[in-house]
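Structure at a glance
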2 protein chains.
Amino acid sequence: MAYAGPVRPTETAAVVWRPVAAGAVTITGGPLGARQTANRTAAIPAGLKQLREAKNVLNLELAAGKAEGEAVGPIFADSDVHKWLEAAAWEYGRGADPALLDDILELTDLLQNAQADDGYLDSVVQLRGLERYSELEWSHEHYCAGHLIQAAVAYSRTTGRTELLDVARRVADHLVATFGPGKNPALDGHPVIEMALVELYRETGERSYLDLAKHFVDTRGRGTITGRDVGYYSDRVPVREATTVEGHSVRAVYLAAGAADVAAETGDAELLAALETQFASMALEKEYLTGGLGARWEGEAFGDPYELPNDRAYAETCATIGGIQWAWRMLLATGKASYADQIERMIYNGFISGVSQAGTEYFYVNTLHLRDRSVPDHDRTPARGRVGWFACACCPPNVMRTFSSLEGYLASTDADGLQLHQYLPGTVQAGELKLTVATDYPWQGKITITVDQAGPDETTIALRVPAWAEGATLTTAAGTEDVTAGEYAGARRAWQVGDQLVLDLPLTPRLTAPHPRVDASRGCLAIERGPLVYALEQADQAEGVAVDDLRLDPAGELVEERREDLLGGVTLIKATGSGPDGPVELVALPYHLWANRGPQPMRVWIPLQ
Amino acid sequence: MAYAGPVRPTETAAVVWRPVAAGAVTITGGPLGARQTANRTAAIPAGLKQLREAKNVLNLELAAGKAEGEAVGPIFADSDVHKWLEAAAWEYGRGADPALLDDILELTDLLQNAQADDGYLDSVVQLRGLERYSELEWSHEHYCAGHLIQAAVAYSRTTGRTELLDVARRVADHLVATFGPGKNPALDGHPVIEMALVELYRETGERSYLDLAKHFVDTRGRGTITGRDVGYYSDRVPVREATTVEGHSVRAVYLAAGAADVAAETGDAELLAALETQFASMALEKEYLTGGLGARWEGEAFGDPYELPNDRAYAETCATIGGIQWAWRMLLATGKASYADQIERMIYNGFISGVSQAGTEYFYVNTLHLRDRSVPDHDRTPARGRVGWFACACCPPNVMRTFSSLEGYLASTDADGLQLHQYLPGTVQAGELKLTVATDYPWQGKITITVDQAGPDETTIALRVPAWAEGATLTTAAGTEDVTAGEYAGARRAWQVGDQLVLDLPLTPRLTAPHPRVDASRGCLAIERGPLVYALEQADQAEGVAVDDLRLDPAGELVEERREDLLGGVTLIKATGSGPDGPVELVALPYHLWANRGPQPMRVWIPLQ
């Protein structure tokens with residue numbers, strides 16, 4: 001989850017910016033707004049249906065004593081329900097849909113009844129009679145607890161209601177009583193509990209939750225987790241000594257995001273610096289152009305530096321979601337625009353590629369290259385196209401909760417004013433300042449911000465200028481000025497209602513070269529426009545010419561073509577190039593839209609010869 | 001195993017060439033001779049020690065009632081003993097080492113005593129009380145039986161002794177009684193039984209063994225094997241309908257080799273044609289330059305066409321061994337030189353890279369690229385270098401049996417004479433013809449063949465001219481003639497003792513380009529010389545220049561340097577190129593010798609810019 005609630009000030013907290021309150025941002029349209037609507041109207045209802053059919057809900061009914069039978073599914077089955085609950089909580093907070101509340105309350109009731117007297121709650125472990133915490137490297141008990149806590153925090157923040165928070169606090173109190181210095185030293189194989197406990201601390205003010213999160217972060221990286229290689233679990237190198245990310249990519253970035261939470265709340269500059277180094281290493285050496293994370297199917301893992309295959313990119317949807325969460329925490333802790341750039345790259349490419357436009361079909365794996373004759377040999381294989389659910393269904397409800405809390409990543413505040421990081425049509429409020437954002441971004445580069453309400457004092461409105469936006473300008477009543485790409489452009493005033501700021505970001509299509517050590521993309525260039533990575537998909541190419549035989553002429557012109565009839569409205573880019581039989585026009589569409597017309601050959605990096 | 005025994009003529013057998021008898025070829029030196037010696041003197045003794053330490057032998061003792069306890073290790077533990085036994089059998093046949101015979105007889109005695117009254121024999125299944133054949137997709141019961149049969153055939157062929165063959169026949173008779181049309185229709189998840197049964201048929205003349213092998217081949221590819229995706233098991237497409245190889249690479253090539261055996265013995269031209277198509281697809285789209293097979297760690301599998309990552313090449317040693325076995329059967333069935341070229345490529349590169357020069361350390365995975373800072377996160381990871389044994393120890397004893405039966409791949413015969421496919425110093429006999437081969441190949445290209453014995457009739461001596469050997473010449477008493485690369489050069493005479501043939505293969509170093517669809521090697525060239533693929537290893541490069549920063553100048557000269565002081569004598573190739581600071585000399589060594597000075601950065605495909 002984006003940490004979207006108020007950070008309770010403590011004597012030690014060290015952040016540059018703080019999130020705005022839940023409900024302080026609205027999204028009223030644009031491509032991401034449409035995705036959020038599809039998430040609410042289609043994905044969340046379908047998701048609960050899937051969770052019932054896959055028996056995740058049944059497990060809770062069994063544990064609650066409302067049905068009889070045996071637990072079904074993977075050991076972490078509860079976590080998918082919790083993630084759905086978090087999604088529903090954010091949505092209910094926004095829309096107060098009574099039918100959604102009924103579902104939330106039904107599940108909350110099951111959780112209340114399933115919870116053991118001492119606070120323990122994990123339906124699969126309880127039903128299978130497994131010894132608690134005896135196989136924590138694989139049992140995901142902390143992981144499930146973490147997602148439950150996150151759901152409860154979301155529900156509390158958006159509604160003020162405490163039914164679910166009470167369950168979560170009892171879970172957390174049980175963890176505090178069981179784990180920590182001098183108690184059970186075990187660590188969960190899959191992080192997320194760290195972020196969750198810090199959020200619960202933020203929501204409740206209970207310091208022991210933060211302390212336990214800190215303990216989990218401090219004791220990881222000492223090789224105590226067995227089962228697979230310790231690198232898989234991010235348990236090979238202590239978090240504050242690590243210089244890169246490794247192993248299972250979702251685990252790695254969830255851990256890093258939780259460590260960033262701990263660093264922020266405890267004012268731990270050393271830990272924060274280590275996380276900055278790790279993030280920089282990831283961004284330079286282990287992240288796809290799409291913001292995809294994880295080069296390897298084997299172990300769903302980060303690869304070696306510069307090991308970034310396009311055809312077998314894993315780039316799990318959950319990993320990019322975790323990357324967004326980590327980047328958000330780093331952004332608030334450091335105030336560096338590059339983290340907001342990362343969030344934008346991840347959201348518009350590797351994250352939304354994970355779900356169909358309709359909202360109900362998902363990619364687990366977000367490849368950057370699909371060849372013809374690819375064998376659809378796995379339920380995660382891109383050759384099957386997006387599907388409705390997975391045997392390991394972590395990604396779909398993770399997508400749901402991310403869309404439903406998307407507002408949390410758009411703006412922040414500090415004593416001086418407000419920072420706008422992402423540009424979606426809607427409204428933003430922080431303190432006495434209230435703004436309306438009007439834009440057709442990312443199709444158009446013009447972003448108009450109108451002051452709807454302001455206090456009497458001077459405040460700063462800071463706008464991120466993406467690093468790719470060379471030549472951007474900011475227009476206010478004082479005139480038009482050039483602003484610097486990769487920084488925040490600010491204007492400080494005693495704002496009046498009706499004041500406007502117009503940020504103009506040049507969206508000229510551009511060619512991007514890979515790092516010279518990335519062998520998989522050598523001799524290729526990629527097309528980008530604004531925050532969007534483009535791709536060649538077979539459906540758009542000249543008939544009879546295979547995508548894998550296309551070559552790009554880097555000296556040719558890149559021409560935009562707006563197509564309202566295609567995929568709900570899209571800006572294509574046409575490039576000059578060649579096929580086996582001579583010159584041919586190449587047609588690129590935004591990467592995240594591929595496979596909405598069926599799975600078919602596609603590539604992001606285009607060979608030059 | 002190479003099928004190295006006499007093919008019993010049947011009314012239906014359809015092969016162009018037949019193998020020479022066991023013992024009809026000797027290897028007396030050269031790099032492969034040295035490897036074979038290391039295999040005999042170091043690897044085979046160390047292998048038995050490893051099998052005792054890893055408890056594979058204990059399992060047989062337990063099943064034989066000679067010890068008490070529980071079975072240890074993977075379900076296919078017996079197969080590694082069987083493969084070792086096959087290796088020992090070939091070696092004993094050559095050297096008659098009495099200590100080796102003691103070991104063979106000790107293990108044979110255990111197998112005799114472990115075998116159930118009805119012929120069933122699989123120590124782990126027996127000891128664990130598992131229901132026979134109830135989980136054949138994973139239990140490897142046919143797989144273990146197949147390796148036992150192969151060991152028994154080797155021992156019978158080389159010694160004429162039948163102790164082990166009797167055990168194997170009872171195993172095979174049990175299979176014939178249990179499986180086949182109208183009986184248990186199940187298939188083993190891991191092929192090898194097909195090759196084994198055909199070999200047992202060749203050794204014994206018992207037709208039911210061939211029929212059962214044919215049944216297994218004919219019924220595979222109908223999606224009956226569950227557990228993983230059917231493609232993994234080569235069970236998605238019927239063998240005679242498949243147009244490529246897919247899934248787990250060892251399984252795929254073992255199945256294909258067994259199918260080739262069936263096709264040869266039954267004169268099944270349709271099946272043989274399908275196998276030719278499959279082999280061609282593999283060679284064009286799914287085989288590494290090194291003869292390595294299998295692009296994916298996930299599932300140890302072939303990838304999609306042209307998916308050939310160098311850094312994460314799996315290229316399991318066992319898969320290349322299986323590739324050699326398949327190619328050998330295709331060579332005999334078709335008489336096409338390209339299959340012998342493939343055998344040579346595989347032996348000199350992807351196969352011998354799998355073992356250290358000392359003979360006792362192994363690569364499971366034969367990567368074509370190791371970067372610096374590669375995390376050694378798995379016992380198979382190339383970053384650990386070769387190791388003495390693996391948790392899944394299929395490769396080491398597979399290497400042993402391949403070296404010990406290497407003679408089987410060198411020559412063949414037909415009614416017209418003798419074909420020499422590979423050039424090692426030694427002797428070859430077929431019919432009344434006996435030859436001595438003298439050569440320093442592959443370091444030197446001159447191969448001198450002297451007739452030591454000949455009958456009175458005209459016979460043909462046919463010599464393979466590799467496809468890369470443009471400009472090759474053949475010199476006989478009649479003079480010197482140009483011979484065609486990629487074909488056999490023959491001379492037909494009534495040979496006299498002392499007659500000589502001198503084949504001269506030009507070993508000029510050459511640059512090889514990747515297929516334009518192989519993205520992983522785009523913008524790169526590889527250096528080859530004769531049958532050897534070369535690689536840049538860090539130890540040989542200019543100080544301070546990382547292998548991954550080196551660039552090759554394709555217009556530069558390739559200069560040979562013979563170094564007797566290095567790695568037992570090696571011909572290096574020096575190329576011109578550049579590093580980050582300007583021009584630099586690139587030094588390449590034969591790929592298979594990398595990591596004999598510790599694991600370190602290495603790459604086969606060298607970027608041009």
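Reading the values: rules and limits
Residues numbered from 1 in each chain as written. Chains lettered and ligands numbered in written order. Predicted model: local features only at pLDDT ≥ 70, side-chain atom pairs only at ≥ 80, totals over all residues. Heavy atoms only, no water. Helix = DSSP H or I, 4+ residues; strand = E, 2+ residues; numbered from the N terminus. Buried < 20%, exposed > 50% of the residue type's maximum accessible area, 1.4 Å probe, protein only. Contact = heavy atoms within 4.5 Å. Lys, Arg positive; Asp, Glu negative; His and termini not counted. Charge placed at Lys NZ, Arg CZ, Asp CG, Glu CD. Salt bridge = Lys/Arg side-chain N within 4 Å of Asp/Glu carboxyl O. Pairing = 2+ DSSP bridges. Axes fitted to C-alpha atoms, helices over the stretch in contact; angles between N-to-C directions. Least-squares fit on C-alpha atoms with pLDDT ≥ 70 in both. Domains from an automatic or database assignment. Buried area = accessible area lost by both parts, 1.4 Å probe. Polar contact = N/O pair within 3.5 Å; in protein donor to acceptor, adjacent residues only side chain to side chain. Nonpolar A, V, L, I, M, F, W, Y, C, P; charged D, E, K, R; others polar. pLDDT = per-residue confidence, 0-100. Expected span 1.5 Å × (residues − 1). Disulfide = S-S within 2.5 Å. Parallel < 35°, antiparallel > 145°, perpendicular 65-115°, else oblique. Left-handed = near helix turned anticlockwise from the far one by under 90°. UniProt positions renumbered as here; feature names shortened; annotations may be inferred. Phe/Tyr/Trp six-rings, centres within 6.5 Å; stacked < 30°, edge-to-face > 60°. Lys NZ or Arg CZ within 6 Å of the ring centre and 35° of its normal.

It is worth spelling out the overall build of chain A at this point. Secondary structure assignment for chain A yields 15 helices and 22 strands. On the principal axes, the C-alpha backbone points of chain A span a range of 70 × 65 × 50 Å. The buried share of chain A, taken over its 609 residues, is 64%. Long-range pairs, those at least 24 residues apart, make up 69% of the contacts in chain A with a sequence separation of at least 6. Taking the 53 positively charged and 83 negatively charged side chains of chain A as two groups, their mean positions are separated by 1 Å.

This part is about the pattern of salt bridges. A pair can form between side chains of opposite charge whenever their charged atoms are brought close. Under the definition given, this model contains 99 salt bridges over all chains. The partner of B:Arg312 in a salt bridge is A:Glu307, and the shortest N-O contact between them spans 3.7 Å. With B:Arg312 in the loop between α12 (269-286) and α13 (317-334) and A:Glu307 in the loop between α12 (269-286) and α13 (317-334), this pair bridges two chains. Considered together, B:Arg312 and A:Glu307 belong to a single accessibility category, that of buried residues.

Before going further, it helps to spend a moment on the sheet that holds strand β1 (residues 18-19) of chain B. Residue and element names in this part refer to chain B. Ordered in space as β1-β4-β5-β9-β12, the five strands form an open sheet in which the pairing is mixed. The strands lining the two open edges of the sheet, one partner per strand, are β1 and β12 (487-493). Its contacts with the sheet place helix α14 (residues 337-351) against β9 (459-465) and β12, and it is angled at close to 55° to β9.

Moving on, we get to the pairing of strand β6 (residues 426-430) of chain B. Residues and elements named next belong to chain B. Side chains Gly-426, Val-428 and Ala-430 project from β6 onto a buried face, and the interleaved Thr-427 and Gln-429 project onto a face without burial. Inspection of the sheet shows strand β2 (residues 25-27) paired to β6 by three bridges, in the antiparallel sense. By the bridge assignment, Ile-27 is partnered in β6 with Gly-426. In this structure, β6 lies alongside strand β7 (residues 433-439), joined through five bridges in antiparallel fashion. Across the sheet, Thr-427 pairs through a bridge with Thr-436, a residue of β7.

Superposition of chain A onto chain B requires a rotation of 180° combined with a translation of 0.0 Å along the rotation axis, giving an RMSD of 0.0 Å. Classification of the inter-copy transformation places it as that of a two-fold axis. Both copies contact each other with a shared surface, as 100% of the interface residues of chain A are interface residues in chain B too.

Moving on, we get to the domain arrangement of chain A. All names here are of chain A. Taken domain by domain, chain A holds domain 1 (18-409), domain 2 (412-441 + 445-504) and domain 3 (510-607). Computed over C-alpha atoms only, the centres of domain 1 and domain 3 are separated by 32 Å. Summed over both partners, the interface of domain 1 with domain 3 comes to about 2400 Å²; 58% of that surface belongs to carbon and sulfur atoms. When the area that domain 1 buries against domain 3 is broken down by residue, the three leading residues are Leu-289, Tyr-306 and Gln-357, summing to 26%. Counting every contact that joins domain 1 to domain 3 gives one salt bridge. Residue Glu-528 pairs with Arg-345 through a salt bridge whose shortest N-O separation is 2.9 Å. Counting every contact that joins domain 1 to domain 3 gives 16 residue pairs in polar contact (both at pLDDT 80 or more).

What follows deals with the sheet that holds strand β13 (residues 500-504) of chain A. Residue and element names in this part refer to chain A. If you walk across this open sheet you meet the seven strands as β2-β6-β7-β8-β13-β10-β11, and the pairing is antiparallel. The open sheet has two edge strands with one neighbour each: β2 (25-27) and β11 (479-482). Sheet twist, expressed as the mean angle between neighbouring strand axes with direction ignored, is 20°. Taken together, the five bridges between strand β8 (residues 446-453) and β13 define a ladder with antiparallel strand orientation.

Taken residue by residue, the interface counts 37 residues in chain A and 37 residues in chain B. Of the roughly 3200 Å² buried between chain A and chain B, counting both surfaces, carbon and sulfur atoms make up 37%. Together, A:Arg371, A:Arg517 and A:Arg522 form the three largest contributors to the area buried by chain A at its contact with chain B, with a combined 21%. Where chain A touches chain B, the interface holds 15 salt bridges. With a shortest N-O distance of 3.1 Å, A:Asp549 and B:Arg517 are connected by a salt bridge. Here chain A and chain B share 20 residue pairs in polar contact (both at pLDDT 80 or more) between them. A class-by-class count of the residues in the side of chain A that touches chain B yields 10 nonpolar, five polar and 22 charged.

Next up on the list: the confidence of the model for chain A. Interpretation of this model should avoid reading the predicted coordinates in detail wherever pLDDT is low. Residue and element names in this part refer to chain A. With 98% of its residues at a pLDDT of 70 or more, chain A shows a mean pLDDT of 96. Note that pLDDT drops below 50 for residues 4-11; the model gives that stretch 24 contacts with residues more than four away or on any other chain. Reported for the predicted complex are a pTM of 0.95 and an ipTM of 0.93.

Residues and elements named next belong to chain B. Between its first and last C-alpha atoms helix α8 (residues 163-178) spans 23 Å; for 16 residues at 1.5 Å apiece the expected length is 22 Å, and the two agree. Those residues of α8 not exposed but buried are Leu-164, Leu-165, Val-167, Ala-168, Val-171, Ala-172, His-174, Leu-175, Val-176 and Thr-178. Looking at the buried positions of α8, the neighbouring elements they touch are α3 (77-95), α4 (98-114), α7 (141-159), α9 (193-204) and α10 (207-219). Looking one or two residues past α8, Gly-180 carries a phi angle of roughly 125°, positive in sign.

Residues and elements named next belong to chain B. Summed over all chains, the structure comprises zero disulfides over all chains. In this structure Cys-394 is a free cysteine whose sulfur lies 3.8 Å from that of Cys-318, the closest cysteine sulfur available. Cys-394 sits in the buried class, given a relative accessible area of 8%. As a non-bridged cysteine, Cys-395 has Cys-318 as the owner of its nearest cysteine sulfur, 3.5 Å distant. On the basis of relative accessibility, which here comes to 0%, the residue Cys-395 falls in the buried class.

A word on helix α3 (residues 77-95) of chain A. Helix length check: α3(A), at 19 residues, gives a terminal C-alpha distance of 28 Å against a target of 27 Å (1.5 Å per residue), a fit within 8%. One or two residues past the end of α3(A) sits A:Ala96, with phi positive at roughly 50°.

Now for the packing of α12(B) against α13(B). All names here are of chain B. Where α12 contacts α13, the axes come no closer than 11 Å and their chain directions differ by 130°. It follows from the interaxial angle that α12 and α13 lie oblique. For the pair α12 and α13, the crossing hand works out as left-handed. In contact with Leu-272, Leu-275, Glu-276, Gln-278, Phe-279 and Met-282 of α12, α13 contributes Gly-323, Trp-326, Ala-327, Met-330, Ala-333 and Thr-334. In terms of residue class, the contact of α12 with α13 is made up of eight nonpolar, three polar and one charged.

Next up on the list: the environment of A:Asp372. By the element assignment, A:Asp372 lies in the loop between β3 (369-370) and α15 (395-404). For the pair A:Asp372 and A:Asp553, spaced 181 residues apart in sequence, the C-alpha to C-alpha distance is 23 Å. Within polar-contact distance, the side chain of A:Asp372 engages the side chain of B:Arg517 at 3.4 Å.

Below, the discussion takes up the side chain of B:Ser353. Residues and elements named next belong to chain B. Of note, Ser-353 is situated in the loop between α14 and β3 (369-370). Overall, the relative accessible area of 0% leaves Ser-353 in the buried class. A polar atom in the side chain of Ser-353 sits 3.2 Å from the backbone oxygen of Gly-350. Residues contacting Ser-353, with those up to four places away along its chain left out, are Phe-363, Asn-366, Arg-386, Tyr-591 and His-592.

UniProt records the feature "domain: Non-reducing end beta-L-arabinofuranosidase-like GH127 middle" (unreviewed entry) for residues 418-507 of chain A in the present numbering. Here residues 418-507 of chain A is 0% helix and 56% strand, with 25 Å between the C-alpha atoms at its ends.

Tallied over the entire structure, the rule returns 34 aromatic pairs over all chains. Seen from their ring centres, B:Tyr120 and B:Tyr133 are 5.5 Å apart, and the 75° between their planes marks the pair as edge-to-face. Taken together, the positions of B:Tyr120 in the loop between α4 and α5 (123-128) and B:Tyr133 in the loop between α5 and α6 (136-139) put the pair 13 residues apart, joining distant regions of the chain. The pair B:Tyr120 / B:Tyr133 is uniform in exposure class, with both members buried. Taken together, the ring pairs in this structure connect A:Tyr120, A:Tyr133, A:Phe179 and A:Phe216 into an aromatic cluster. It is B:Arg312 that lies over the ring of B:Trp297; its NZ or CZ is 4.2 Å from the centre. Between the NZ or CZ atom of B:Arg562 and the centre of the ring of B:Trp443, over which it lies, the distance is 4.8 Å.

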